[in-house]
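Residue-level listing of the chains:
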Protein chains: 4
Amino acid sequence: MVAVHEKVRFVETDAMGVVHHSNYFRWFEMGRVEFLRQAGISLNELIAEGILFPITNVECKYRASAKFDDHILIETLPAELTAVKMIFNYKIMREADGLLLATGQTQNVFTNMQGKIIKLPTDYVNKLKAVSS
Amino acid sequence: MVAVHEKVRFVETDAMGVVHHSNYFRWFEMGRVEFLRQAGISLNELIAEGILFPITNVECKYRASAKFDDHILIETLPAELTAVKMIFNYKIMREADGLLLATGQTQNVFTNMQGKIIKLPTDYVNKLKAVSS
Amino acid sequence: MVAVHEKVRFVETDAMGVVHHSNYFRWFEMGRVEFLRQAGISLNELIAEGILFPITNVECKYRASAKFDDHILIETLPAELTAVKMIFNYKIMREADGLLLATGQTQNVFTNMQGKIIKLPTDYVNKLKAVSS
Amino acid sequence: MVAVHEKVRFVETDAMGVVHHSNYFRWFEMGRVEFLRQAGISLNELIAEGILFPITNVECKYRASAKFDDHILIETLPAELTAVKMIFNYKIMREADGLLLATGQTQNVFTNMQGKIIKLPTDYVNKLKAVSS
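Please read these numbers as outputs of a predicted model, since none were measured by experiment.

A tally of helices and strands in chain A yields three helices and five strands. In chain A, the succession of α and β elements from N to C terminus is β-α-α-β-β-β-β-α. The C-alpha atoms of chain A give 16 Å as radius of gyration, which agrees with the globular expectation for 133 residues (14 Å, within 12%). Once the C-alpha set of chain A is aligned to its principal axes, its extents read approximately 45 × 30 × 20 Å.

Shown next, in the form of structure tokens:
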């Protein structure tokens, strides 16, 4: 599990006075990026090598509303990490009291610059598995 | 089914050269808002009456990448419209050739300004059902 | 002058109940993109040719708040269009009553993919000038 | 001067491979919010008291492009803090080498919930001045 700590930005709120639901996927992404960093994988490096990592499926269940200025904890857990896909589970918690705000899941695949599905090179797969084990 | 036509904004793209996945939920929202408008329901009016409509669940499957300047079609179909929840299904298509870009689902519930679950007043439920039938 | 018509999205609002100020630059961009389209210039085509168009200066004065569901008119006027820069002025108006919401200005320059300043090829400059004259 | 440290999010990039210019105003806002926090002023508290703080003018000069995963430093300096307006200046720097990425300025005024200009209560003005002196 990889933890990321963030603070809710004013721009992330909407006219209902709470965080707009689309922003949780941006938080999940921050958790995923940090997980990859801890595996020694930089997205910039992947793109430079011609490897893209489009999202194919996402879901989120919202339990309570994040509010402006909340400190939040983003927990990222690997569910399936192979040469053809990365599935991660997420929890978003309010730091002040540990209240669970949302849970979610995302799936990425790997493609070349033309959008054709490819396998992630073994070296990267091994790095991913080293973190998750 | 309610149709909304949009054009992909440059700001909606990311460094992979395609639309960032979080934006599809913003497009779904535009479809949902238009569905409600056709039902004679304005979100501004709901908020003014102290009725909020937080999202509780969302999911999206991405089939192909929307790109900058694509004309897209957002189709919104009601799945369940009651006094306690609204579930909508969505399709996003590329207008140029009808290519299916994504499908998704969202669920809203209704609360008062303090976040307590409430039932949507019958008058509004009837308006919603009138569109969907 | 090039006109673009938009409708304010719910996600563009913030907890003050009005549109977040950063979104006006996204609207200016939509006006600028449309101006270029009317000049026969596609940003996708520029990028494909290795020409980038980074923003170097922006400013905006806000006169009145755009609100969710407002229909807005984005007017884009060229101020200086040369091989080394594009300066545009903008007005955002509320369609319902013509109320001026904001005015602004942006400046783009042109670079290659490595970020080095370049001159826009004459063919493109001529296309730009044809619209503005 | 108040310093905020941030990391560039993937979603903040666009198809030119760098951060979209509109995001710098979201970073300025994070600096401003932190300045107010250090003054003992919470935006949630202001809103709860019926005090809004709309932006009336902004500008930004971009010197170099922020890129995904850059660590950035947001410096916020008060320029004019009175009962009728707050003007702040900003610098955004890349942490790795101190490169100046952008400078900017914003002006807020104060209004009641109906959008009418008001004076910020003296207690708040004093708190602001205590930080800036």
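In this complex, chain A contributes 22 residues to the contact, which on the side of chain B involves 22 residues. Summed over both sides, the interface of chain A with chain B buries roughly 1,900 Å², with 59% coming from carbon and sulfur. On the chain A side of the contact with chain B, Met16, His21 and Arg26 of chain A bury the most area, a combined 29% of that side's loss. Connecting chain A to chain B are zero salt bridges. One can count eight residue pairs in polar contact (both at pLDDT 80 or more) joining chain A with chain B.

Read from one edge to the other, the open sheet built from ten strands follows the order β1(A)-β3(A)-β4(A)-β5(A)-β2(A)-β2(B)-β5(B)-β4(B)-β3(B)-β1(B), with strand pairing classed as antiparallel. A single partner strand is all that each edge strand has here, and the edge strands are β1 (2-7) of chain A together with β1 (2-7) of chain B. Adjacent strand axes in the sheet meet at a mean angle of 20° when their direction is disregarded. In this structure, strand β4 (residues 86-94) of chain B lies alongside strand β5 (residues 100-108) of chain B, joined through eight bridges in antiparallel fashion.

For the rest of this paragraph, the subject is the pairing of strand β3 (residues 71-81) of chain D. Residues and elements named next belong to chain D. When strand β1 (residues 2-7) meets β3, the two strands line up antiparallel, connected through six bridges. The residue bridging Ala3 from the neighbouring strand is Glu75, located in β3. Bridge count for β3 against strand β4 (residues 86-94) is nine bridges, and the pairing is antiparallel. Within β4, the position partnered with Leu73 by the bridge is Met93. The antiparallel hairpin formed by β3 and β4 contains four residues in its connecting segment.

Another aspect to go through is the pairing of β5 of chain B. Residues and elements named next belong to chain B. Counting buried residues along β5, seven of its nine residues qualify, which places the element largely inside the surrounding structure. Across seven bridges, strand β2 (residues 55-62) lies against β5 in antiparallel orientation. Paired with Glu59 across the bridge in β5 is Gln105. Here β4 folds back onto β5 in antiparallel fashion, the turn holding five residues, of which Gly98 has a positive phi close to 75°.

Mapped onto the elements of the fold, Thr106 of chain A is located in strand β5 (residues 100-108). If we ignore the near neighbours within four places in the chain, the residues touching Thr106 of chain A are Phe28, Arg32, Ile55, Asn57, Val58, Met86, Ile87, Phe88 and Tyr90 of chain A.

How big an interface is tends to be stated in terms of the accessible area lost upon association of its parts. Chain A puts 19 residues into the contact, and the matching count from chain D is 19 residues. Both sides together, the interface formed by chain A and chain D hides about 1,800 Å², and carbon and sulfur atoms give 50% of it. It is Arg9, Phe10 and Phe68 of chain A in chain A that bury the most area against chain D; as a group they hold 34% of the surface buried on that side. Run the count over chain A and chain D and you get eight salt bridges. Taking the shortest distance from any N to any O, the salt bridge between Glu34 of chain D and Lys7 of chain A comes out at 3.6 Å. Where chain A packs against chain D, one counts ten residue pairs in polar contact (both at pLDDT 80 or more). Secondary structure elements with two or more residues in the side of chain A that touches chain D: β1, α1 (23-38) and α2 (43-48) of chain A. Per-element tally for the side of chain A that touches chain D: the top contributor is α1 of chain A, with seven residues. Taken together, the residues of the side of chain A that touches chain D break down into nine nonpolar, one polar and nine charged.

The subject of this paragraph is the relation of the copies chain A and chain D. After a rotation of 180° and a shift along the axis of 0.0 Å, chain A superposes on chain D with an RMSD of 0.0 Å. Each copy turns onto its partner about a two-fold axis. Closest to the rotation axis within chain A is the C-alpha of Glu6 of chain A, separated from it by 4.8 Å.

Attention now goes to the packing of aromatic side chains. All told, the structure shown has 34 aromatic pairs over all chains when counted by the stated rule. Residues Phe28 of chain D and Tyr90 of chain D carry aromatic rings whose centres are separated by 4.4 Å and whose planes lie at 10° to one another, so their mutual orientation is stacked. A residue pair is termed long-range when its members are at least 10 positions apart, and Phe28 of chain D in helix α1 (residues 23-38) and Tyr90 of chain D in strand β4 qualify at 62 residues. Looking at Phe28 of chain D, the relative accessible area reads 0%, which means it is buried. Members of the aromatic cluster, each reached through a chain of ring pairs, are Phe25, Phe28, Phe35, Phe88 and Tyr90 of chain A together with Phe25, Phe28, Phe35, Phe88 and Tyr90 of chain B.

Basis of the calculations
- Residues numbered from 1 in each chain as written.
- Chains lettered and ligands numbered in written order.
- Predicted model: local features only at pLDDT ≥ 70, side-chain atom pairs only at ≥ 80, totals over all residues.
- Heavy atoms only, no water.
- Helix = DSSP H or I, 4+ residues; strand = E, 2+ residues; numbered from the N terminus.
- Rg over C-alpha atoms; globule rule 2.2 N^0.38 Å.
- Contact = heavy atoms within 4.5 Å.
- Buried area = accessible area lost by both parts, 1.4 Å probe.
- Salt bridge = Lys/Arg side-chain N within 4 Å of Asp/Glu carboxyl O.
- Polar contact = N/O pair within 3.5 Å; in protein donor to acceptor, adjacent residues only side chain to side chain.
- Pairing = 2+ DSSP bridges.
- Axes fitted to C-alpha atoms, helices over the stretch in contact; angles between N-to-C directions.
- Buried < 20%, exposed > 50% of the residue type's maximum accessible area, 1.4 Å probe, protein only.
- Nonpolar A, V, L, I, M, F, W, Y, C, P; charged D, E, K, R; others polar.
- Least-squares fit on C-alpha atoms with pLDDT ≥ 70 in both.
- Phe/Tyr/Trp six-rings, centres within 6.5 Å; stacked < 30°, edge-to-face > 60°.

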